[in-house]
Amino acid sequence: MRMLLTISNLEVCYGVISALQDVSLHIERGEIVTLIGANGAGKTTLLRTISGLLRPSRGTIELDCAGRIDSLPAHEIVSHGVCHVPEGRQVFANLTVRENLILGAYQEKSKEKMRAGMARAFELFPVLAERREQRAGTLSGGEQQMLAIGRALMSSPKLLLLDEPSLGLAPLIVRKIFQIIRDINAAGTTIFLVEQNAHMALSVATRAYVLQSGRVIKTDDAKKLLEDPDVKKAYLGG
């Protein structure tokens, strides 16, 4: 496997408050890498910094095909193949499912590729095809999460950033979402997953990092972290 993303000595601040401190990690092509940690650990901050919504005060973020991306605007980072599915879905409630998907491909000039992207989204999420002319705000939470993921896939990302995809969803829907994450990865998309459901995240991931108070305190193969006593105690209920 080849390195896709490399983060080195990253620090991110909100005013005088340091949210991330000396964070270093890497993601190789084809992996599912997960980041687990408690609320307020800095997980969402890290994803927002990778996608260009926040600026680091120190450190670097490098993408294999583009070099350093830590000073690029968000839309340019998307054009280099990084797409972010934010916490809370953030679909356009007053637009239809189809219109939301089209907005995911706003940089795509080829109508043929746009149609292919929409066909792929409908293949992954058949319920979206059934509701293509329905307003996104009337969908269930699980359907909105599927729409948010499908919208991100419209840009054919090399790296998909997923922030809390199981948040607020029923257990049956959570299992379905995680199977879809596996399918997306099997089709060739590398995934960086932030998830509070640590057991599900570690079950699906190749490798994992543990973030605590803005610092990476542990990293290993995901299966090994599932058996790690400290991880079990802190994040897996014993």
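Note that the structure is a prediction, hence the values are computed from the model and not measured.

J.: Whenever I open this one, the pairing of strand β10 (residues 215–221) confuses me. Can you help?
T.: Each regular strand displays side chains that alternate between the two surfaces of the sheet. Where strand β9 (residues 207–212) lies against β10, six bridges are found, and the strand directions are antiparallel. Looking across to β10, one finds that valine 210 is bridged to lysine 218. Count of turn residues in the β9/β10 antiparallel hairpin: two residues, of which serine 213 carries a positive phi of about 50°.

J.: Can you walk me through the sheet that holds strand β1 (residues 3–14) in this structure?
T.: Strands in a sheet are paired, the pairing made by backbone hydrogen bonds, and the direction either parallel or antiparallel. The four strands lie next to each other as β2-β1-β4-β5, forming an open sheet whose pairing is antiparallel. Every interior strand has two partners, whereas the edge strands, β2 (17–28) and β5 (67–68), have only one. With five bridges joining them, β1 and strand β4 (residues 58–63) adopt antiparallel strand pairing. Of the residues in β4, the one forming a bridge with serine 8 is threonine 60. Relative to β1, helix α1 (residues 43–50) is tilted by about 115°, and along the sheet it contacts β1, β2 and β4.

J.: Would you mind showing me how to read helix α4 (residues 111–124) here?
T.: Side chains that are three or four residues apart share a direction in an α-helix, a result of its 3.6 residues per turn. Spanning 14 residues, α4 covers 20 Å between terminal C-alpha atoms, matching the ideal 20 Å at 1.5 Å per step. Contacts made by the buried residues of α4 are with α3 (97–104), α5 (126–130) and α6 (141–153).

J.: Could you clarify how one ought to interpret the pairing of strand β3 (residues 32–36) in this entry?
T.: The buried fraction of β3 is high, at five of five residues. With burial as the criterion, each face of β3 is covered, one bearing Ile32, Thr34 and Ile36 and the other bearing Val33 and Leu35. Bridge analysis of β3 against β9 gives four bridges, and the strand direction is parallel. Looking at the pairing, valine 33 lines up with arginine 207 of β9.

J.: Can you walk me through the sheet that holds β9 in this structure?
T.: Spatial ordering of the open sheet is given by β6-β7-β8-β3-β9-β10, a layout of six strands whose pairing is mixed. Each edge of the open sheet is held by one strand with a lone partner, namely β6 (82–85) and β10. Looking at each pair of strands side by side, their axes are set apart by 15° on average, direction ignored. Most of the contacts of α6 go to β6, to which it runs at about 170°, and overall it touches β6 and β7 (159–163). Those strands touched by helix α7 (residues 171–186) are β3, β7 and β8 (190–194), and its axis lies near 150° from that of β8.

Cut-off values and rules
- Position numbers for residues start from 1 in each chain and track the written sequence from start to end.
- Restriction of local features to residues with pLDDT of at least 70 applies here, the model being predicted, together with a cutoff of 80 or more for giving and counting side-chain atom pairs; totals for whole chains, interfaces and linings are based on all residues.
- Values shown for side chains rest on all heavy atoms present in the structure; no hydrogens or waters enter the calculation.
- Two strands are said to pair when DSSP picks up at least two bridges between them.
- Only runs of H or I of at least four residues qualify as helices and only runs of E of at least two qualify as strands under DSSP, and these elements are numbered from the N terminus.
- A contact between two residues is defined here by any heavy atoms of the two lying within 4.5 Å.
- Each axis is a line fitted through C-alpha atoms, and for a helix only the stretch in contact is used; angles between axes span 0 to 180 degrees, taken between their N-to-C directions.
- Here a helix's expected span is defined as the number of its residues, less one, multiplied by 1.5 Å.
- Relative accessibility thresholds used throughout: buried, under 20% of the residue-type maximum; exposed, over 50%; partly exposed, between the two (1.4 Å probe, protein chains only).

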